[in-house]
Amino acid sequence: MASRTVTGAGSAEFSAALADLRAAALRPEVKLTEVPAPVRIAPYAVALTADVLPTADSDDALATGRFVLLHDPSEPEPWGGAWRAVTYARAELEPEMATDPVLGEVGWSWLMDALEQHHVAYAAEAGTVTRVVSESYAGLADRPPSVEMEIRASWTPLDPIRIGVHLQAWCDVLCAIGGLPPLPEGVVALPGRRR
């Protein structure tokens, strides 16, 4: 991750959080890219996009998403702290998932479980799980129906020294909606080349 798009890069506390993000051990299927961070939401921000790729040389992503870390020392009241992780994850699912009545609950539980499994302290979690069903007609009628799941979530990390673990938890959610099986307890993926 380059730091050219980070807003407010002068804070020592934010710089330490950036270093922890850069050191996060992620699955080799996850490709991170730094993108321009929002500039009006908080004095300090970094934004990353991620693609979950089935192989290192693949261009077809199983899931895509965005992870934004915001820092505002004034601790905005809705955040309940000085930090805020704002995330988005999306993947195409099997068409029969469109009618699953617990799809939203399952998607949200993946996020909560990932945060718990990484033993992170957080507060003020909020979000939505959306299913998007697309059916084609007329000149596009030969396209099969598609179903996408989107998880939009935000939460307040309470331990800024461990920000990288929040990124790891979010990447686990991204891999889950992309259909990758979770890594067994105690197994760490070997790092791939970061691009």
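Residues numbered from 1 in each chain as written. Predicted model: local features only at pLDDT ≥ 70, side-chain atom pairs only at ≥ 80, totals over all residues. Heavy atoms only, no water.

A. Quick peek at the side chain of Thr156. With respect to the helices and strands, the residue Thr156 is situated in strand 6 (residues 146-157). Under the relative-accessibility criterion, Thr156 is labelled buried at 0%. Each residue touching Thr156, except ones within four places of it in the same chain, is listed here: Trp79, Gly80, Gly81, Trp83, Arg84, Ala121, Tyr122, Ala123 and Ala124. (Helix = DSSP H or I, 4+ residues; strand = E, 2+ residues; numbered from the N terminus. Buried < 20%, exposed > 50% of the residue type's maximum accessible area, 1.4 Å probe, protein only. Contact = heavy atoms within 4.5 Å.)

B. Seen up close, the sheet that holds strand 4 (residues 83-93). A sheet is described by the order of its strands in space; here six strands give the open sequence 1-2-3-4-6-5, paired in antiparallel fashion. Of all the strands in the sheet, the pair left with one neighbour each is strand 1 (30-35) and strand 5 (122-134). The mean inter-strand angle of the sheet, taken between neighbouring strand axes irrespective of direction, is 15 degrees. Taken strand by strand, helix 1 (residues 12-23) contacts strand 2 (44-52), strand 3 (63-71) and strand 4, and its axis lies near 155 degrees from that of strand 3. (Pairing = 2+ DSSP bridges. Axes fitted to C-alpha atoms, helices over the stretch in contact; angles between N-to-C directions.)

C. The packing of aromatic side chains, seen in detail. Within this structure, the stated rule accounts for three aromatic pairs. When the centroid spacing of 6.1 Å and the interplanar angle of 15 degrees are considered together, the rings of Phe14 and Trp83 count as stacked. Placement of the pair is Phe14 in helix 1 and Trp83 in strand 4, with a sequence separation of 69 residues. Relative to Trp170, the ring of Phe67 has its centre 5.7 Å away and its plane inclined at 50 degrees; by these criteria the two rings are tilted. With a gap of 103 residues between them, Phe67 in strand 3 and Trp170 in helix 3 (residues 163-177) connect regions that are remote in the sequence. A single burial state applies to Phe67 and to Trp170, both of which are buried. Three or more aromatic residues link up through ring pairs in this structure, and these residues are Phe14, Tyr44 and Trp83. (Phe/Tyr/Trp six-rings, centres within 6.5 Å; stacked < 30°, edge-to-face > 60°.)

D. Main features of the packing of helix 2 (residues 103-117) against helix 3. For the pair helix 2 and helix 3, the least separation of the axes is 9 Å and the interaxial angle reads 145 degrees. Considering how the two elements wind past one another, helix 2 and helix 3 form a crossing that is right-handed. Along the contact surface, helix 2 presents Trp110, Leu111, Ala114 and Leu115, while helix 3 presents His166, Ala169, Asp172, Val173, Ala176 and Ile177. Here the contact of helix 2 with helix 3 is built from residues that sort into eight nonpolar, one polar and one charged. (Left-handed = near helix turned anticlockwise from the far one by under 90°. Nonpolar A, V, L, I, M, F, W, Y, C, P; charged D, E, K, R; others polar.)

E. Inspection of the nonpolar core at higher detail. Core analysis: the biggest nonpolar cluster contains 46 residues, and Phe67, Leu69, Trp155, Leu167 and Trp170 have the highest contact counts within it. The set of elements that each furnish at least two residues to this core consists of helix 1, strand 1, strand 2, strand 3, strand 4, helix 2, strand 6 and helix 3. Among the nonpolar cores identified, the runner-up in size contains eight residues, and Ala42, Ala47, Leu70 and Trp79 belong to it. (Core = buried A, V, L, I, M, F, W, Y, C linked by side-chain atoms within 4.5 Å.)

F. Spotlight on the confidence of the model for the protein. On average, residues of the protein score 86 in pLDDT, and 88% of them reach the 70 mark or higher. Note that residues 1-5 has pLDDT below 50 and, in this model, 15 contacts with residues that lie over four places away or in other chains. Throughout residues 190-195 the model reports pLDDT below 50, and contacts reaching past four residues in sequence, or to other chains, amount to nine contacts. (pLDDT = per-residue confidence, 0-100.)

G. Broad picture of helix 2. Its 15 residues place the ends of helix 2 21 Å apart at the C-alpha level, agreeing with the 21 Å of an ideal helix rising 1.5 Å per residue. Here helix 2 has its buried residues at Leu103, Gly107, Leu111, Met112, Ala114 and Leu115. (Expected span 1.5 Å × (residues − 1).)

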